[in-house]
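Chain residues, written in single-letter form:
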Amino acid sequence: MRVLFKPLWVPVVLLVLILLFVFKPELATLAAGIALFMLGMFHLEDGFRAFTGGALERWLKRSTNRLWKSMLFGITSTALVQSSSLVTVLSIAFLSAGMISLVAGIGIVFGANLGTTTGAWLIALVGLKVDLAVVAMPLLVFGVLLGRRAESLWKGLGQVLLGVGLLFLGIDLMKDGFASFDGLLALDGFAVEGWSGVLLYALLGLGATILMQSSHAAMMITLAALASGQLAYGNALAMAIGANLGTTVTALLAALGSNNAGRRLAAAHILFNLVTALVALAILPSLTRSVDWLADVLGIAADAYTLKLALFHTLFNVLGLAIMLPWIPLMVKWLMRWLPDVTSLGSPRERHAALSEQPRMRARFLNDSALQHADTALKVLGQEVQNLGALSRQVIAAALYLPPGNLSDLSREQLHKVVLRAVPEDRREDADALYERHVKGVYGDIIDFISRMDLSLTPDQQQALMDYNAAARELIEAVKAAKHLQSNLRKQIDSRQPAIHEAYDMLREQGGQALVDMGRLMNMQGDTEARGELFGAYEEQEKLFADHFQQTIQTHLRNRELDGWQASSMLNDLHYLLRVRQHLYRAHAELHDQDAQVLSTSPTGRIEPSLSLP
C-alpha cells in the first residue's frame, strides 16, 4: 500500500477527483470521455505495432528513400493511428536503430505534423454531428473478438477496431460532458483581451497536451468545448497553437532515452514546432483573416467555428512546412555537427592508444527509445552484439599479444611475420583487466536490455532474440578462454627453449587466423555462399591444426626437447585455444547465419587433445 501511494501527489489527486465526481457528476462524464479517448489511442498504437512486426525495416526502406515519400509516410501513418506523438517517438526509435536516415526521419515528423490535422477535420465534420456511440458499439465487439486471436494479423486488426471504437466512444462522452455544464465551465467568461489572452490560452493548450501526452486529445477537448459554446473561437485558435507546441515534450522525453541519432531527430521536431508556433502567434491576426477568406471560398459558414478551427490548424502547419523545408539540408549538417556519433573502441581517433588507455566501454547502440517497437529493439540488439563481437576480438588479440586493431586485412604471410616479432613489455596488456574494462559492461547492458524487452514477438523475432542472446554468451566464453590461455602465454612467450617458443607462436598464429577469418566474415553479410565456404574452411583448419600441434608436441617429447609437465601445459593451452575458436565460430554463426543450412554445420562438441603422454 505504501509503495502504491509513494508519490504523495497521487492520493491527493485521487481524492480531489472523487470529490469533484461526487458533487459534479458531469465532470465524471467528461473525464471518462478523455480516458476512453486516450485508451483508444493506446490500442491503435498496439495495433500499428502488430501490423508492422517483422517486416518494418523493409517497409521503411521502400517508403522513406525520398523526402517526399517520408513526408507522405508521416502524413498517412499519423492519419491512420491518430497520434503524431506515436509517429514521432517511433521515428526516433527507427533512427536510433539505424533503420532510416536523418533526412527520412525529418520528413516523417514534418509530415506527422500535417497528418495530425486530419483528426480535427474528422471530428469537426462528423464527430460532433453524428452519434458516434452507435458506431462505436459494433467496433468494440469485433475488436475484442479479433483481439483474442493468436495470429498477429488478426490480433492487430482487433486492436485497431477496438482503438477506433474507444476513440469514438470517448469523443461522444466528451461532447455530452461539455454540453451538460450549461455554462459552468464557459472558458470565454475568463477571456483576456489582446496578446495576453492569446498567450494565456496557448499556454492552456500546451499544458493540456503535456498533461495528456497527446495533442489529439487536447484538440478534441478544444473542439468539443468550442462546439458546446464553452470556449470562444479566438481562444480556441490560441489553444490549437499551444497543443501543437506541446508535442515537443513527448519528443524531448523520447530523446532522453535515445542515442545521438535519435536526439538529432527530436531536436529537428522541436525546432519545427517551435518555429511554427512562434510564426503563427506573431501573425495570428493575418492567419485569422486568411482562414475567414478560405472558409468563404470553400463554402464554410461564418459561424461554423469547429470547421474553421480545423482549417486554421491545417493552415499554420502548412505554413510551418513552407518555412522549414528549404532549411532541411542546413539543419542536417548542423545537427550532425552538434550531436556527432559516438566513436567506437579502436577508432581512428584512438588507435594510437593501448586498449587499457582507451575509455571504458558501455553499450553503443542500446537505448530506451528502441524498446518502443520489437523490430527496433531487435535491430539495436543485433548491432550491440556485433559491437560486442568486435570488442571481444580486440581483447582476444590483446590476450595473444597481437595488434588489437583490424586484423582482417592481413594475409597469412603478414600474420606470420607479426607473430614472429618480439612483443615489447609495454605492449603486453592484461586480458583480465581489458575484459573488465571493455567487455563485461557491454554484456551487462545487453542482458539488462533483453530483460526490459516487454514486447509481443513473432516466432521469427523470438528466434532472433534467442540467437542474439546465445551469440553474446558465446563471445563472453571466448574471451574467458583467452584469459586462461594468456596466463601461461605470459610466462612462456620469452622462453629460451626453441620448442616452447615455437609451440606458443603456433598457438598465437592460429588464434590470430581465427580473428582474421571472423573479421572478414563481418564484411560478407548477404553473401551466404561465401560465408558457408569460410565456415567450412574454418572448421577444417581447426581439425588440421589440432592434429598438427599434437604431433609436434609428441615429436618434441620423443626428442627430449620437452618434459611431460611442459607438454601437458601446452595441451591445456591448445584446449583453451580451441575453445576460443569454437566459441567465436558459434557466436558468428548465430549472428550471421541463422538459417538452418549453415547452422547445421556448426560443431556440436569440442575438439579435445588426444595425445597420450608416455
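Residues numbered from 1 in each chain as written. Predicted model: local features only at pLDDT ≥ 70, side-chain atom pairs only at ≥ 80, totals over all residues. Heavy atoms only, no water.

Visitor: Could you give an account of a nonpolar patch on the surface, with specific residues and numbers?
Guide: A contiguous nonpolar patch, built from Leu15, Ile18, Leu19, Val22 and Phe23 and spanning about 550 Å² of accessible area, is present on the exposed surface. Mapped onto the elements, leucine 15 comes out in helix H1 (residues 9-23). (Patch = residues over 30% accessible without salt bridge, like charges linked within 9 Å, V, L, I, M, F, W, Y side chains within 5 Å. Areas by Shrake-Rupley, 256 points an atom, 1.4 Å probe, with all protein chains shown as cover. Salt bridge = Lys/Arg side-chain N within 4 Å of Asp/Glu carboxyl O. Helix = DSSP H or I, 4+ residues; strand = E, 2+ residues; numbered from the N terminus.)

Visitor: Give a description of the pattern of salt bridges that names residues and reports values.
Guide: Summed over all chains, the structure comprises ten salt bridges. In this structure, the salt-bridge partner of arginine 428 is aspartate 494, at a minimum N-O distance of 2.7 Å. Remark: aspartate 494 occurs in the loop between helix H20 (459-492) and helix H21 (498-521) and arginine 428 occurs in the loop between helix H18 (412-420) and helix H19 (431-451); sequence separation between them is 66 residues. Across the pair arginine 490 and aspartate 430 runs a salt bridge whose closest N-O atoms are separated by 3.2 Å. Of the two residues, arginine 490 sits in helix H20 while aspartate 430 sits in the loop between H18 and H19, which places them 60 residues apart along the sequence. Accessibility expressed as a relative area gives 40% for arginine 490, which makes it partly exposed. (Buried < 20%, exposed > 50% of the residue type's maximum accessible area, 1.4 Å probe, protein only.)

Visitor: Account for H19, naming residues and giving values.
Guide: It helps to recall that an α-helix has 3.6 residues per turn; residues three or four apart then point in one direction. Look at H19: 28 Å from first C-alpha to last across 21 residues, which is about the 30 Å you get at 1.5 Å a residue. Listed as buried for H19 are Ala431, Leu434, Tyr435, His438, Val439, Gly441, Val442, Tyr443, Asp445, Ile446, Phe449 and Ile450. Structurally, H19 contributes buried residues whose contacts are with helix H17 (374-399) and H20. (Expected span 1.5 Å × (residues − 1). Contact = heavy atoms within 4.5 Å.)

Visitor: Got a sec to walk through the packing of H18 against H21? Specific residues and values, please.
Guide: At their nearest, the axes of H18 and H21 sit 10 Å apart, and the two run at 140 degrees to each other. Comparing the axis directions of H18 and H21 gives the class oblique. Note on packing geometry: the crossing formed by H18 with H21 is right-handed. The residues of H21 that touch H18, namely those facing Arg412, Leu415, His416, Val419 and Leu420, are Asp505, Arg508, Glu509, Gly512, Gln513 and Val516. (Axes fitted to C-alpha atoms, helices over the stretch in contact; angles between N-to-C directions. Parallel < 35°, antiparallel > 145°, perpendicular 65-115°, else oblique. Left-handed = near helix turned anticlockwise from the far one by under 90°.)

Visitor: Residue-level account of the side chain of asparagine 260, with values.
Guide: Structurally, the position occupied by asparagine 260 is in helix H13 (residues 260-282). Within the local environment of asparagine 260, its side chain forms a polar contact with the backbone oxygen of proline 340, the two atoms lying 2.7 Å apart. The residues touching asparagine 260, leaving out its near neighbours within four places in the chain, are Leu339 and Pro340. (Polar contact = N/O pair within 3.5 Å; in protein donor to acceptor, adjacent residues only side chain to side chain.)

Visitor: So what about the environment of glutamate 590? Which residues, and what values?
Guide: Residue placement: glutamate 590 occurs in helix H23 (residues 564-592). Given a relative accessible area of 18%, glutamate 590 falls into the buried group. Spatially, the C-alpha atoms of glutamate 590 and glutamate 474 are 9.4 Å apart, while their sequence positions differ by 116 residues.

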